[in-house]
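Close look at the chain arrangement
Residue-level listing of the chains:
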Amino acid sequence: MQQVAGAGVVVTGGGSGIGAALARRFAAGGARVVVNDINAAAAQAVAASFGGTAVPGDAASEDGVAALIAAARDALGEIDLYCANAGIARGGGPDAPEEFWADSWEINVMAHVRAARHLTGPWVERGSGHLICTVSAAGLLSMIGSAPYSVTKHAALAFAEWMRLTYAHQGITVQAVCPQGVRTGMLPGTEDNEAERLLSPGVIEPEAVADAVVEGMADGRFLILPHPEVAGRYARRAADPDRWLSRMNDLYRQVSGQP
C-alpha cells in the first residue's frame, strides 16, 4: 500500500513518540486512523487531535491483540495498514530481572506475531495488506547496556523478514523501521546511562521517523532507516563480525568508563 488516503490504519503505541507522529502523519494524508496505547488518556488525546478513533488497551497479549483488531475492524471496516509500533526498552545483561526479559519478549516480539496471526488470513484472501514493524537499529546492530532490548529487537527484525519472504507474492507488504536515537520516552527508558550517552548525539525527533516511513512506503523497501548511516554499519557488521565486535567492545569501554 503506497497511498494512505482512505486507508484503514492502526497504530499501536500511538499515544506518544513515534506512534503519535505516525498516526498524525497518516491522518494528514487522508487515512482513517485507530490509535492504540496502554495509556488510555494519551490514546484519546492523540486521536482527538485529528478526529481519529482511540482504542486503548494492551497491544501485546493474545486477548489484547484480538480485542484491538476486532475493535479496529468495527471502526474501519477493514485494516489496510497495521503499525506494530508499541515497544519497551529495558536495560541490563544476564542479570536483568526475569520480568524485564518476559515483558520485552511479549511487547517487542509477540505483539507483532499475534497481530500477524489475526491479519494474515484476511489479507491473503483479499490479496493485499501492509504490516510495518517498528524495530530499532538495535535489531540490525546491538544496544550497549541493554541485552533484553537488543535480543528482542533482533527477534522482531527476524519475524518481519520471515513475514516478508513468506507473503510478498500474496500481496502483503512488510517493512521494518530501524531508527537509532529518537527523542521519545524510550530514550531515557533504557535505564542505562551508557546507552543514553551513545545515542544522544544523533537523536532525531519522532516526526523525522514518520517522514522516513512515508518515504519508505513509497518505494516499498524492507528496511526503513531514519538514520541512513545505519546501513553502512550493518554492512560492516556482516562483512567482518569479529572486527565489528571488537570495535563495539572498545565503544562500550569508552562510554562506560571501563579500562
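Predicted model only: the values in this text are computed from it and were never measured. (Residues numbered from 1 in each chain as written. Predicted model: local features only at pLDDT ≥ 70, side-chain atom pairs only at ≥ 80, totals over all residues. Heavy atoms only, no water.)

Digging into the overall build of the protein
- Check the secondary structure of the protein and you find nine helices and seven strands.
- Look at the contacts in the protein between residues 6 or more apart in sequence, and 66% of them connect residues 24 or more apart.
- Counting every atom, the protein has about 11200 Å² of accessible surface; 53% of that belongs to carbon and sulfur.
- Across the protein, 19 positive and 27 negative side-chain charges occur, with their mean positions spaced 6 Å apart. (Helix = DSSP H or I, 4+ residues; strand = E, 2+ residues; numbered from the N terminus. Contact = heavy atoms within 4.5 Å. Areas by Shrake-Rupley, 256 points an atom, 1.4 Å probe, with all protein chains shown as cover. Lys, Arg positive; Asp, Glu negative; His and termini not counted. Charge placed at Lys NZ, Arg CZ, Asp CG, Glu CD.)

Some words on the packing of helix H4 (residues 98-126) against helix H5 (residues 147-167)
- Two numbers describe how H4 lies on H5: the axes approach to 8 Å, and their chain directions differ by 10°. Judged by the inter-axis angle, H4 sits roughly parallel to H5. Like other packed secondary-structure pairs, H4 and H5 cross with a definite hand, here right-handed. Each of Phe100, Trp101, Ser104, Trp105, Asn108, Val109, His112, Val113, Ala116, Thr120 and Val124 in H4 lies in contact with H5, whose residues at this interface are Ala147, Pro148, Tyr149, Val151, Thr152, Lys153, Ala155, Ala156, Phe159, Met163 and Tyr167.
- Of the residues assigned to the contact of H4 with H5, the class counts are 16 nonpolar, five polar and one charged. (Axes fitted to C-alpha atoms, helices over the stretch in contact; angles between N-to-C directions. Parallel < 35°, antiparallel > 145°, perpendicular 65-115°, else oblique. Left-handed = near helix turned anticlockwise from the far one by under 90°. Nonpolar A, V, L, I, M, F, W, Y, C, P; charged D, E, K, R; others polar.)

A few points about the pairing of strand E1 (residues 8-11)
- Burial of the side chains of E1 extends over both faces: Gly8 and Val10 are buried on one face and Val9 and Val11 on the other.
- The pairing of E1 with strand E2 (residues 32-35) spans four bridges and is parallel. Bridge assignment links Gly8 to a residue of E2, and that residue is Arg32.
- One ladder, built from three bridges, connects E1 with strand E4 (residues 81-84); its direction is parallel. Residue pairing in the sheet places Val11 in a bridge with Cys83 of E4. (Buried < 20%, exposed > 50% of the residue type's maximum accessible area, 1.4 Å probe, protein only. Pairing = 2+ DSSP bridges.)

As for helix H9 (residues 241-256)
- In this model, H9 (16 residues) spans 22 Å end to end at C-alpha, consistent with the 22 Å of a helix rising 1.5 Å per residue.
- For H9, the complete set of buried residues consists of Trp244, Met248 and Val255. Projected onto a plane normal to the axis of H9, the buried residues spread over an arc of 35° and lie on a single side. Of the residues in H9, the exposed ones pointing more than 90 degrees away from the buried face are Asp242 and Gln254.
- Phi turns positive one or two residues past the end of H9, at Gly257, with a value near 75°. (Expected span 1.5 Å × (residues − 1). Arc of directions from axis to C-beta.)

Notes on the side chain of Thr134
- In this structure, Thr134 sits in strand E5 (residues 129-134).
- With residues near it in sequence (within four places) discarded, Thr134 still touches Ala84, Asn85, His112, Lys153 and Val177.

Structural notes on the sheet that holds strand E3 (residues 53-54)
- With parallel pairing, seven strands are arranged side by side in an open sheet as E3-E2-E1-E4-E5-E6-E7. Looking at strand neighbours, the two that pair on one side only are E3 and strand E7 (223-224), the edges of this open sheet.
- Where E4 lies against E5, four bridges are found, and the strand directions are parallel. The partner of Leu81 across the bridge, within E5, is His130.
- Of the strands in this sheet, E2 and E3 are in contact with helix H2 (residues 40-50), which crosses E2 at around 165°.
- The strands that H4 touches are E4, E5 and strand E6 (172-177); relative to E5, the one it contacts most, it runs at about 160°.

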